[in-house]
Amino acid sequence: MDKIGLYEFLAEPFHCDFSGRLFMGHLGNHMLNAADFHSSARGFGMKYLMTIRRSWVLSRLAIEMTEMPEQYTRFNVETWVESAMRYFTSRNFAVVGEEGKIYGYGRSIWAMIDTESRQPTDILAIDNGAINQWIVTDKECPIDKGGRVKMSDEAQLVRTIATYYNDVDINGHINSVKYIEHVLDLWPLDWYREHHIKRFEIAYVAEAHAGDELSFYREKVSDSEYCVRIVRTDGTECCRSRIVFF
């Protein structure tokens, strides 16, 4: 079995925005599905982990696109493990169209948790560190790894929302992609008539659950760059995001 996974997806029309291009949130879903397909086929996916009370949780995700696939377009998501340590593993993505056209790339960091204690567990303890045999070191992912999203106390509260059934994923907390969708909803439709998302990155800090209210604090870095901090009901910061438009 190849170390690099290749999975075909379709930009379904109801997964596309008013411009006929795939929503960033749906692209994020496709990447996470590709990650699960890849890890499951190689023995360290969610289906197996749930039997031993373990689960993958997304810690960081960065997506950088030159273009989004148009509706009805078939495209592939390539994914591979770049490195693995005791508590974190890095996984990369490439979004590739027909004749090798590159739409963009993604980088992600994952942790493994005990589903009962919700605490990080040793990734390398799974099947005697079997993940190490799937590491790829010679495939390029030419986008910035990103870092800590820096924000000041000047960030302005722009929205507070409630969370419900559709926000919750298999791990019982607010779905990683739902945060992406909620962040991108902070800008009106007219903004997206003039701007496109070049890079979206998000770092997850703490879990939120159904019933929590999420407050979104936004800070403008430049005319094309913004940062967003998301805080749950009890004041705990859940995640930070950085968005670059063009």
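Each value, and the rule that gives it
- Within each chain, residue numbers correspond to sequence positions counted from 1 in written order.
- In keeping with the model being predicted, local features are shown solely for residues with a pLDDT of at least 70 and side-chain atom pairs are shown and tallied solely at 80 or more, while totals for entire chains, interfaces and linings include all residues.
- Side-chain descriptors were evaluated using all non-hydrogen atoms of the structure, hydrogens and water having been removed beforehand.
- Put simply, DSSP H or I for four residues or longer makes a helix, DSSP E for two residues or longer makes a strand, and each gets a number counted from the N terminus.
- This radius of gyration counts C-alpha atoms alone. The globule rule is 2.2 Å times how many residues there are, raised to the power 0.38.
- Using a 1.4 Å probe on the protein chains alone, a residue whose accessible area is under 20% of its type maximum counts as buried, one over 50% counts as exposed, and one in between counts as partly exposed.
- Note on areas: Shrake-Rupley, 1.4 Å probe, and residue coverage restricted to the protein chains presented here.
- A positive count includes Lys and Arg, and a negative count includes Asp and Glu. His and the chain ends are not counted in either.
- A charged residue contributes its charge at one atom only: NZ of Lys, CZ of Arg, CG of Asp or CD of Glu.
- Working convention: axes come from line fits to C-alpha atoms, limited for helices to the stretch in contact. Angles between N-to-C directions cover 0 to 180 degrees.
- By definition in this entry, angles of less than 35 degrees are roughly parallel, angles greater than 145 are roughly antiparallel, angles of 65 to 115 are roughly perpendicular, and the rest are oblique.
- Note: crossing handedness is left-handed where the near helix turns anticlockwise from the far helix by less than a right angle, and right-handed where it turns clockwise.
- Contact definition: two residues touch when any of their heavy atoms are within 4.5 Å.
- Pairing between strands requires that DSSP locate at least two bridges from one strand to the other.
- To pair, rings of Phe, Tyr and Trp, with the six-membered ring standing in for Trp, must have centres within 6.5 Å; the planes then decide the type, stacked if under 30 degrees apart, edge-to-face if over 60, and tilted in the middle.
- Cation placement over rings: the criterion is NZ of Lys or CZ of Arg within 6 Å of the ring centroid and within 35° of the ring normal.
- Within 3.5 Å is the distance limit for a polar contact, defined as a pair of N or O atoms, with the added protein rule that one can donate a hydrogen and the other accept it, and that residues adjacent in sequence qualify only through two side-chain atoms.

(A) Spotlight on the overall build of the protein chain. Scanning the protein chain from N- to C-terminus turns up four helices and ten strands. Relative to its length of 246 residues, the protein chain is compact, with a C-alpha radius of gyration of 18 Å against a globular reference of 18 Å. In terms of principal-axis extent, the alpha carbons of the protein chain reach across some 50 × 50 × 30 Å. Here the protein chain holds 246 residues, and 50% of them are scored as buried. Accessible surface, the protein chain: about 12,500 Å² in total, of which carbon and sulfur atoms supply 48%. Side chains of the protein chain carry 28 positive and 36 negative charges; the gap between the two charge centres is 3 Å.

(B) Up close: the packing of helix α1 (residues 24-41) against helix α3 (residues 176-184). Close contact between α1 and α3 brings their axes to 9 Å; oriented N to C, the two are set at 165 degrees. For the element pair α1 / α3, the angle class is roughly antiparallel. Here α1 and α3 pass one another in a crossing that is right-handed. Facing α1, whose interface residues are Met24, Gly25, Gly28, Asn29 and Leu32, α3 presents Val177, Ile180, Glu181 and Leu184.

(C) Geometry of the sheet that holds strand β4 (residues 88-96). Across the sheet, which stays open at both edges, the ten strands sit in the order β1-β3-β4-β5-β2-β7-β10-β9-β8-β6 with antiparallel pairing between neighbours. Of all the strands in the sheet, the pair left with one neighbour each is β1 (5-10) and β6 (156-162). With direction set aside, neighbouring strand axes in the sheet form an average angle of 25 degrees. Pairing of strand β2 (residues 54-65) with strand β7 (residues 197-204) involves five bridges; the strand directions are antiparallel. Residue pairing in the sheet places arginine 60 in a bridge with alanine 203 of β7. Against the sheet, α3 touches β2, β6, β7, β8 (213-222), β9 (225-231) and β10 (237-245), its axis set at about 130 degrees to β7.

(D) Fine view of the environment of asparagine 92. If you trace the backbone, asparagine 92 turns up in strand β4. Separated by 31 residues in sequence, asparagine 92 and leucine 61 place their C-alpha atoms 9.5 Å apart. With residues up to four places along the chain from it excluded, the contact list for asparagine 92 reads Glu78, Thr79, Trp80, Glu82, Gly106, Arg107 and Cys141.

(E) Looking closely at the packing of aromatic side chains. Taken as a whole, this structure holds nine aromatic pairs when the rule is applied. Aromatic pair tryptophan 191 and phenylalanine 245: ring centres 5.3 Å apart, planes at 80 degrees, arrangement edge-to-face. Of this pair, tryptophan 191 sits in helix α4 (residues 189-194) while phenylalanine 245 sits in strand β10, and the two are 54 residues apart along the sequence. The two residues tryptophan 191 and phenylalanine 245 agree in class, both being buried. Site record: aromatic cluster; members linked through ring pairs are Trp187, Trp191, Tyr192, Tyr226 and Phe245. Taking the ring centre of tryptophan 134 as reference, the NZ or CZ of arginine 42 above it sits at 5.3 Å.

(F) Fine view of the side chain of arginine 199. Tracing the backbone through its elements, the reader meets arginine 199 in strand β7. Among the polar contacts made by the side chain of arginine 199, one reaches the side chain of glutamate 64 at a distance of 2.8 Å.

(G) Fine view of α3. By the criterion of burial, α3 is predominantly enclosed, with seven of the nine residues buried. For α3, every residue scored as buried is listed here: Ser176, Val177, Tyr179, Ile180, His182, Val183 and Leu184. Its side-chain oxygen at 2.7 Å from the backbone nitrogen of valine 177, asparagine 175 defines the N-terminal cap of α3.

(H) Here's a closer look at unusual backbone geometry. Positive phi outside glycine occurs at arginine 118, with the angle close to 65 degrees. Tracing the sequence through the fold places arginine 118 in the loop between β5 (102-114) and β6. The backbone phi angle of asparagine 128 is positive, close to 55 degrees, even though this residue is not glycine. Topologically, asparagine 128 is positioned in the loop between β5 and β6. Residue classification places asparagine 128 among the exposed positions, given a relative accessible area of 76%.

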